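Analysis of the macromolecular model
Letter by letter, the chains look like this.
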Amino acid sequence: MSHTLVDTLVLKLTALLEQIGATADNHLWLGYSGGMDSELLAYTLARFRQTHPKTPYQISLVHVHHGLSCNADAWAAHCRQRAEHYGLNFVLRKVQLELGPRVSIEAEARRGRYQAIAELLNPGDILLTAHHQDDQLETLLLALKRGQGPKGLAAMGQAQHLAQTPREESAPCWQLRPMLDSSRAQIEQAVASLELPYINDESNQDTQYDRNFLRAEVIPVLKQRWPSIATTASRSAALCAEQQLLLDEVSAEKLQPLLGRCRFSGVRVLDSAGLKVLSPQWQAQLLRQFIQMQRLPLPAQVQLQQALAQLIDAREDAQLELSFKGLLLKRYGQQIYAMAPLPGAAFQLLDGVGSVEVDVAAKPSKLTLSTKQLQALSQGQSLSVGLASPWQRLELTLADSGPRVALAQVMAPLMASLSASLGAKVQPSDTAAAPELVMGLKGSYRCQPHNRDKGRELKKLWHELGVPPWLRDRVPLLMQNGRLLALAGGFVERSAQASGAEPGIVLKLVAEATP
């Protein structure tokens, strides 16, 4: 029986790898707790390597040390020893969990575990987990308890894209569950027959945790009455997954005409006017889909309904903001925005020119350009400055065409410095303060953009540029002696603009990669 199950798992893993088009370039990572289920899958991987010598996958067992048990160090040592026994690579990751009075230890441990593993993955890598048929039943029952719809009731798939991975713009990472058709009883029998040593986590006996309660108190009773319930529940989960796929396809078609981009930042937005004409059911479905497109957590059903009513019925000039755990919903004009809570606005020198250190911990909202940086800019080098969301960085480059700040304007401090170093007498009228990158300027400040004949207040220009109110204090401004020279991504002050082929500095905002 044991070898039969292991051989079946090897065949299943082979089929799943072929299904996703995996090659030897894709690293296989096993989430390895050292418990009974992952021990059998580790044994299976060793067998898989023996039976596939012509496909030399790199295989690693990764053990996450949560620090929750006094036995955690011993478990890590055990897992390392077993990996050496199987001839497989071993990686240990320690995590610091954020626990509190209203924090689920189960959920936080899972979050920390997946985040730690995700940090190891490169594009195209594959995570293997030892979930089995009884785990699927537990997941389905928990989804019912939470009142989830088809997506939640679809539970776990044998092959799915891994949601929490870095470098989302690259090849997707996968999560494979080759044991999902195997029952707990089959696994127990195989492990006993093979005499595999495994870890017994004492917390698995604590029924204050929902999964342990289901495993110890509920599922045995259900199986006593209906022995095949785990199999039939898996079938229901598969049917829900099929229905969800169909719903996703139709939703994507209906959502597409309502999607747009913020004119200034480029982030995705949802058209509230187009949403309003749909039925309440489709309004809720498409808002959910829009939020999930941004890879953000969904609010509860009641919260979603309340949010919809406010987002759709708000006045066009209203500046609506709704805050949920890990999610902000905002409306500006006819556009709905979904975003994570915004971090503090700050500059961070990334690379390019100069050696001035920026106090990143202090999150500065002002960055003075040094003489060395100005000199390097004048020689054609670029300056890259890190920014907080929704932008990735600001790039300052030299150009001889298009709207740009005259180089001579910002080089005045350097010229004065060079003159002084050569012994020339510098008059106060010849000096100018070093240019600064700043954030935040009063809306009453009067500007005259390079493309306008008359000046106008900054608050009106923000509106013309389509900059949402919550971003206005996050847009970098180039200033000198308290005078605005340019607004990044917007305009150059007319009096500071380079003319003809005169060299000048361009300020370009580079957005974060968006889905």
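How each quantity is defined
In every chain, residue numbers begin from 1 and rise along the written sequence. Since the coordinates come from a predicted model, pLDDT governs what is reported: local features require at least 70, and pairs of side-chain atoms require 80 or more to be given and counted, while whole-chain, interface and lining totals use all residues. The basis for every side-chain value is the complete set of non-hydrogen atoms in the structure, without hydrogens or water. Helix numbers and strand numbers start at the N terminus; a helix is a DSSP run of H or I with at least 4 residues, a strand a run of E with at least 2. Buried residues are those whose accessible area, probed at 1.4 Å on protein chains only, stays under 20% of the maximum for their type, while exposed residues exceed 50% and partly exposed ones sit between those limits. Note on definitions: a residue-residue contact is assigned when non-hydrogen atoms from the two residues lie within 4.5 Å. All accessible areas in this document rest on Shrake-Rupley with a 1.4 Å probe, and a residue is counted as covered only by the protein chains that are shown. Strands qualify as paired when DSSP identifies two bridges or more between them. Axis lines are fitted through C-alpha atoms, for helices just across the contact stretch, and the angle between N-to-C directions can take any value from 0 to 180 degrees. Here roughly perpendicular refers to angles of 65 to 115 degrees, roughly parallel to angles under 35, roughly antiparallel to angles over 145, and oblique to all remaining angles. Gly is put with the polar residues, along with every residue not named as nonpolar or charged; the nonpolar set is Ala, Val, Leu, Ile, Met, Phe, Trp, Tyr, Cys and Pro, and the charged set is Asp, Glu, Lys and Arg. The arc in question is formed by the directions pointing from the helix axis toward the C-beta atoms. The term nonpolar core refers to a set of buried residues drawn from Ala, Val, Leu, Ile, Met, Phe, Trp, Tyr and Cys, joined through side-chain atoms within 4.5 Å. Salt bridge, as applied in this entry: a Lys or Arg side-chain nitrogen positioned within 4 Å of an Asp or Glu carboxyl oxygen. For Phe, Tyr and Trp, rings pair up if their centres lie within 6.5 Å, where Trp contributes its six-membered ring, and each pair is then called stacked (planes under 30 degrees apart), edge-to-face (over 60) or tilted (otherwise). Either the NZ atom of lysine or the CZ atom of arginine qualifies as a charge over a ring when it sits within 6 Å of the ring centre and within 35 degrees of the ring normal. Side-chain atoms alone can form a polar contact between residues adjacent in sequence; in general such a contact is a pair of N or O atoms within 3.5 Å, and within protein one must be able to donate a hydrogen while the other accepts it. Each residue carries a pLDDT score, the predictor's own confidence in it, on a scale running from 0 to 100.

Quick look at the overall build of the protein chain
Along the protein chain, the regular secondary structure elements total 15 helices and 23 strands. Taken over the C-alpha atoms alone, the protein chain extends approximately 90 × 60 × 45 Å along its principal axes. The buried share among the 515 residues of the protein chain stands at 45%. Pairs at least 24 apart in sequence give 68% of the contacts found in the protein chain among residues at least 6 apart. As displayed, the protein chain has an accessible area near 26,100 Å², and 50% of this comes from carbon and sulfur atoms.

Focus: the pairing of strand E23 (residues 504–511)
Relative to E23, strand E15 (residues 391–399) is paired through eight bridges, and the arrangement is antiparallel. Of the residues in E23, the one forming a bridge with leucine 398 is isoleucine 505.

Some words on the sheet that holds strand E1 (residues 28–31)
Spatial ordering of the open sheet is given by E3-E2-E1-E4-E6-E5, a layout of six strands whose pairing is mixed. Since the sheet does not close on itself, it has two edges, and those belong to strand E3 (89–94) and strand E5 (159–161), each with one partner. Each adjacent strand pair in this sheet contributes to an overall mean axis angle of 25°, direction not counted. Inspection of the sheet shows E5 paired to strand E6 (residues 174–176) by three bridges, in the antiparallel sense. Residue pairing in the sheet places alanine 159 in a bridge with leucine 176 of E6. Strands in contact with helix H2 (residues 36–51) are E1, strand E2 (59–65) and strand E4 (126–128); relative to E1, the strand with the most contacts, it is inclined by about 160°.

Describing the packing of helix H9 (residues 229–255) against helix H11 (residues 280–293)
At a minimum axis distance of 10 Å, the contact between H9 and H11 shows a crossing angle of 90°. Comparing the axis directions of H9 and H11 gives the class roughly perpendicular. Contacts between H9 and H11 involve Leu247, Asp248, Val250, Ser251, Ala252, Lys254 and Leu255 on the former and, on the latter, Trp282, Gln285, Leu286, Gln289, Phe290 and Met293. Classifying every residue of the contact of H9 with H11 by side-chain character gives eight nonpolar, three polar and two charged.

Brief notes about the pairing of strand E9 (residues 320–324)
When a strand is regular, its side chains alternate between the sheet's two faces. Side chains of E9 alternate between two faces, with Leu320, Leu322 and Phe324 buried and Glu321 and Ser323 left unburied. Bridge count between E9 and strand E10 (residues 327–332): five bridges; the pairing is antiparallel. Counted as the bridge partner of leucine 322 is leucine 329 from E10.

Brief notes about helix H13 (residues 371–378)
Buried within H13 are the following residues: Gln373, Leu374, Ala376 and Leu377. For H13, the arc enclosing every buried residue in end-on projection is 165°, short of the 170-degree limit, so these residues lie on one face. Following H13 by one or two positions, glycine 380 has its phi on the positive side, about 95°.

Thoughts on the nonpolar core
Side chains of a nonpolar character, in soluble globular proteins, are inclined to be buried together. Leu394, Leu396, Leu437, Leu478 and Leu507 are the most contacted members of the largest nonpolar core, which totals 48 residues. Counting residues per element, this core draws most heavily on strand E21 (residues 483–487), which supplies four residues. Residues contacting leucine 396, with those up to four places away along its chain left out, are Leu369, Leu377, Gln381, Ser382, Leu383, Leu437, Ile505, Val506 and Leu507.

What about the pattern of salt bridges?
According to the stated counting rule, one finds 17 salt bridges in the structure shown. Its salt-bridge partner being glutamate 119, residue arginine 93 comes within 2.8 Å of it at the nearest N-O pair. Here the residue arginine 93 occupies a position in strand E3, and glutamate 119 occupies one in the loop between helix H4 (105–118) and E4, the gap between them amounting to 26 residues. Note that lysine 459 and glutamate 457 form a salt bridge whose closest N and O atoms lie 3.7 Å from each other.

Examining the packing of aromatic side chains
Applying the stated criterion across every chain, the model contains four aromatic pairs. For the pair phenylalanine 264 and tryptophan 391, a centre-to-centre distance of 6.0 Å together with 85° between the ring planes defines the contact as edge-to-face. Taken as a pair, phenylalanine 264 in the loop between strand E7 (259–261) and strand E8 (268–271) and tryptophan 391 in strand E15 lie far apart in primary sequence, 127 residues in all. The pair phenylalanine 264 / tryptophan 391 is uniform in exposure class, with both members buried. Just above the ring of tyrosine 114 sits the side chain of arginine 110; from NZ or CZ to the centre is 4.5 Å. The positively charged end of lysine 254 is found above the aromatic ring belonging to tryptophan 282, 5.0 Å away from the centroid.

So, the side chain of serine 251
Positionally, serine 251 belongs in helix H9. In this structure serine 251 comes out as buried when scored by relative accessible area, which is 0%. A polar atom in the side chain of serine 251 sits 3.1 Å from the side chain of glutamine 285. The residues touching serine 251, leaving out its near neighbours within four places in the chain, are Trp282, Gln285, Leu286 and Gln289.

Thoughts on the sheet that holds strand E11 (residues 335–339)
Taken together, the five strands give an open sheet; going across it, the order is E7-E8-E11-E10-E9, and neighbouring strands pair in antiparallel fashion. Sheet topology places E7 and E9 at the edges, where each strand pairs with a single neighbour. On average, each strand axis in the sheet is tilted by 30° relative to the strand beside it, whichever way the strands run. Sheet topology note: the E7/E8 ladder contains three bridges and is antiparallel. For leucine 259, the partnering residue across the bridge sits in E8 and is leucine 270.

Focus on unusual backbone geometry
You will see that arginine 295, though not glycine, has its phi angle at about 55°, which is positive. At asparagine 481, a position not held by glycine, the phi torsion is positive, near 55°. Inspection of the secondary structure assignment puts asparagine 481 in the loop between strand E20 (477–480) and E21. The exposure class assigned to asparagine 481 is exposed, which follows from its relative accessible area of 55%.

Some details on the confidence of the model for the protein chain
Confidence along the protein chain averages 87 in pLDDT terms, with 90% of residues attaining 70 or more. Confidence drops under a pLDDT of 50 for residues 352–363, and excluding neighbours within four residues, the segment shows 22 contacts in the predicted structure. Low pLDDT, under 50, characterises residues 418–431; the predicted model gives this stretch seven contacts beyond four residues in sequence or across chains.

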